[in-house]
Amino acid sequence: MKPEILLLDPMMDAIEKQLEAAYVVHRAGPAGVPADVAGRIRGIATGGGTGVPRAVMDSLPGLEIIAINGIGTDAVDLVEARRRGIRVTTTPGVLTDDVADMAMGLLLSLLRGLPESDRYVRAGAWGHDPAPPLGHRVSGRRMGIFGMGHVGQAIAARARAFNMAIAYTDRHDKHLPGCLFVPDLLTLAQGVDTLVIAASGGVGSRNLVNAPVLAALGPEGVLINIARGSIVDEAALVAALAAGTLGGAGLDVFAHEPDVPEALRTSPRTVLQPHRASATVETRLAMGQLVVANLAAHFAGGPLPSPVV
Ligand code: 8YV
């Protein structure tokens, strides 16, 4: 008999087909599953942003494994999972380049005004209306990276090709050649004009990018977030952009996805994406294969390819 699993976030068709071949797959939103099904669910496949709401975990007494289709574990209660003996896996490594590419894409889009100029050409305004305002140079900026894990380091490698000076903060000095370690976030923000968030979400980083950090970046400064919306005090961000005390923000993630504050949606100082940093065919396929491999190993009783619990 096929094990029964719950799919909380859609995956690529090719991946869902593999899951359907091996399991009875139930689909449910974060609200959970019908009670008659709940008792039979042994595994969950979910996204990094969606995770597993506590109420869903509580409703599944036979849950054995949570396979996250992403690297973020902040939306899964790992302590509770460990306590209940539930294994948790992620998809490390395969999305690093795409997420770093998105950080650079947001920075280029924001400073060079790519979305606005695209709209101008599409509207047939070229040759009729005044040209869009001049952008700002990307090369040679001073980039500060908050969170120097694999993604942070991949962003640094790209920034280096843009002749940027790179500084970073993290829990400890990683002794990375060409990257200046700064022990605290506020000091980092004071010394850069571009702050890129590549840190993990969760209680430890909640609202750390706050009003003083944003003020330190200044009117020419920009914030790029490809990590988690929870790391930014979103109200402070809205206020700083409205007042012009922060130059702009390129955001792939938000505090309460999919809700994006209207002030961010209508601001001329933002470029926004709907949590798409890992959303390429190549990467989502590789991520999905890791989800499939982790579930398969678990149900075969073998070692998990990429466990976190
Ligand atoms: C994905 C993510 O967009 O890796 C993560 O933690 O949030 C993203 O890569 C998401 O997991 C896909 O559902």
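Each value, and the rule that gives it
- What you see as residue numbers is a count from 1 along each chain, following the sequence as written.
- Restriction of local features to residues with pLDDT of at least 70 applies here, the model being predicted, together with a cutoff of 80 or more for giving and counting side-chain atom pairs; totals for whole chains, interfaces and linings are based on all residues.
- Heavy atoms from the whole structure form the basis of all side-chain values; hydrogens and water molecules are not counted.
- A 1.4 Å probe that fits into a set of points on a 1 Å grid over the protein atoms alone but cannot get out defines a cavity; an open set with protein on both sides within 12 Å along at least five of seven lines defines a pocket, and lining residues are those with an atom within 4 Å of a point.
- Grid points are joined across faces, edges and corners, and a volume is the space filled by probe spheres set on the points.
- Every helix listed is a DSSP run of H or I at least four residues long, and every strand listed is a run of E at least two residues long, numbered separately from the N terminus.
- Put simply, Ala, Val, Leu, Ile, Met, Phe, Trp, Tyr, Cys and Pro go in the nonpolar bin, Asp, Glu, Lys and Arg in the charged bin, and everything else, Gly too, in the polar bin.
- We define the nonpolar core as a collection of buried residues of types Ala, Val, Leu, Ile, Met, Phe, Trp, Tyr and Cys that are connected through side-chain atoms lying within 4.5 Å of one another.
- When a residue's accessible area, from a 1.4 Å probe over protein chains only, is under 20% of the maximum for its type it is buried; when over 50% it is exposed; and in between it is partly exposed.
- Two residues qualify as a contact provided that any one of their heavy atoms is within 4.5 Å of a heavy atom in the partner residue.
- A pair of strands counts as paired when DSSP detects no fewer than two bridges linking them.
- Every axis in this analysis is a line fitted to C-alpha atoms, fitted for helices over the stretch in contact. Angles between the N-to-C directions lie between 0 and 180 degrees.
- Expected helix span is computed as 1.5 Å times (number of residues minus one).
- Domain limits in this description derive from either an automatic procedure or a database domain assignment.
- Note: buried area is the sum, over both parts, of the accessible area (probe 1.4 Å) each one loses when the two are combined.
- Salt bridge, as used here, is a side-chain nitrogen of Lys or Arg placed within 4 Å of a carboxyl oxygen of Asp or Glu.
- A 3.5 Å cut-off defines polar contacts: any pair of N or O atoms within that distance qualifies, except that in protein one atom must be a possible hydrogen donor and the other a possible acceptor, and neighbouring residues in sequence count only when both atoms are side-chain atoms.
- For a crossover, the right-handed case is the one in which the path from the first strand over the helix to the second runs clockwise, viewed with the strands pointing away from the viewer.

J.: When you look at the layout of surface pockets in this model, what are you seeing that I'm missing?
T.: Over the atoms rolls a probe the size of a water molecule, and its path tells where empty space is left. Of the pockets and cavities examined, the second largest pocket occupies roughly 640 Å³. As for the second largest pocket, its lining consists of 32 residues, and the residues nearest its centre are L110, G113, E116, P268 and R269. Breaking the lining of the second largest pocket down by element, the ones donating at least two residues are helix 5 (96-112), helix 6 (114-122), helix 11 (262-266) and strand 12 (270-272). Ranked by residues supplied to the lining of the second largest pocket, first place goes to helix 6 with five residues. Broken down by class, the residue content of the lining of the second largest pocket amounts to 13 nonpolar, 12 polar and seven charged.

J.: So what exactly am I meant to see when it comes to the nonpolar core here?
T.: Generally speaking, a soluble globular protein has its nonpolar side chains buried in company with each other. Grouped together as the largest cluster of nonpolar side chains are 32 residues, with contacts concentrated most on L107, M143, I145, M148, I155 and I226. At the level of secondary structure, the elements contributing two or more residues to this core comprise helix 5, strand 6 (142-146), helix 7 (150-161), strand 7 (165-169) and strand 10 (222-225). Here this core takes nine residues from helix 5, the largest share from any one element. Those residues in contact with I155, other than ones at most four positions away along the chain, are A100, A103, M104, M143, I145, V196, A198 and I226. Within the second largest apolar cluster, 28 residues are counted, among which are A189, L237, L246 and A249.

J.: Help me understand the sheet that holds strand 8 (residues 179-181) in this model?
T.: Strand pairing in a sheet relies on backbone hydrogen bonds, with the paired strands running either antiparallel or parallel. Here seven strands make up an open sheet; going across it, the order is 8-7-6-9-10-11-12 and the pairing parallel. Looking at strand neighbours, the two that pair on one side only are strand 8 and strand 12, the edges of this open sheet. The average undirected angle you get between the axes of adjacent strands in this sheet is 20°. By the bridge criterion, three bridges tie strand 7 to strand 8 in an arrangement that is parallel. Paired with I166 across the two strands is C179, which belongs to strand 8. Taken strand by strand, helix 7 contacts strand 6, strand 7, strand 8 and strand 9 (194-197), and its axis lies near 175° from that of strand 6. Docked against the sheet, helix 10 (residues 234-243) engages strand 10, strand 11 (248-251) and strand 12, running at close to 140° with respect to strand 11.

J.: I'm lost on helix 5 in this one. Help?
T.: Given a rise of 1.5 Å per residue, 17 residues ought to cover 24 Å, and the 24 Å separating the end C-alpha atoms of helix 5 matches this to within 8%. Counting buried positions over the 17 residues of helix 5 gives 12, a clear majority of the element. Of the residues trailing helix 5, G113 is marked for its positive phi of about 65°.

J.: It is not clear to me how the domain arrangement of the chain should be interpreted in this structure. Could you clarify?
T.: By convention, interface size is frequently given as the accessible area that disappears when the constituent parts associate. Entries for the chain in the domain assignment read domain 1 (4-94 + 281-299) and domain 2 (96-272). With eight residues of domain 1 at the interface, the matching set in domain 2 holds six residues. Interface area for domain 1 against domain 2, summed over the two sides, is near 470 Å², with a carbon-plus-sulfur share of 40%. Counting the surface domain 1 buries against domain 2, the share from its top three residues, D74, G93 and T283, is 65%. The interface formed by domain 1 and domain 2 holds one salt bridge in total. Counting every contact that joins domain 1 to domain 2 gives four residue pairs in polar contact (both at pLDDT 80 or more). In terms of residue class, the side of domain 1 that touches domain 2 is built from two nonpolar, five polar and one charged.

J.: Teacher, can you tell me more about the pairing of strand 4 (residues 65-69) here?
T.: When a strand is regular, its side chains alternate between the sheet's two faces. Burial within strand 4 is extensive, with five of its five residues counted as buried. Alternating positions in strand 4 separate into two faces, I65, A67 and N69 on one and I66 and I68 on the other, with burial throughout. Bridge count for strand 3 (residues 41-47) against strand 4 is five bridges, and the pairing is parallel. By the bridge assignment, G43 is partnered in strand 4 with I65. One ladder, built from three bridges, connects strand 4 with strand 5 (residues 87-89); its direction is parallel. Opposite A67, over in strand 5, you have T89 as the bridge partner. Handedness of the crossover is the feature at issue here: the chain leaves strand 4, passes through helix 4 (residues 78-84), returns alongside strand 5, and the resulting connection is right-handed.

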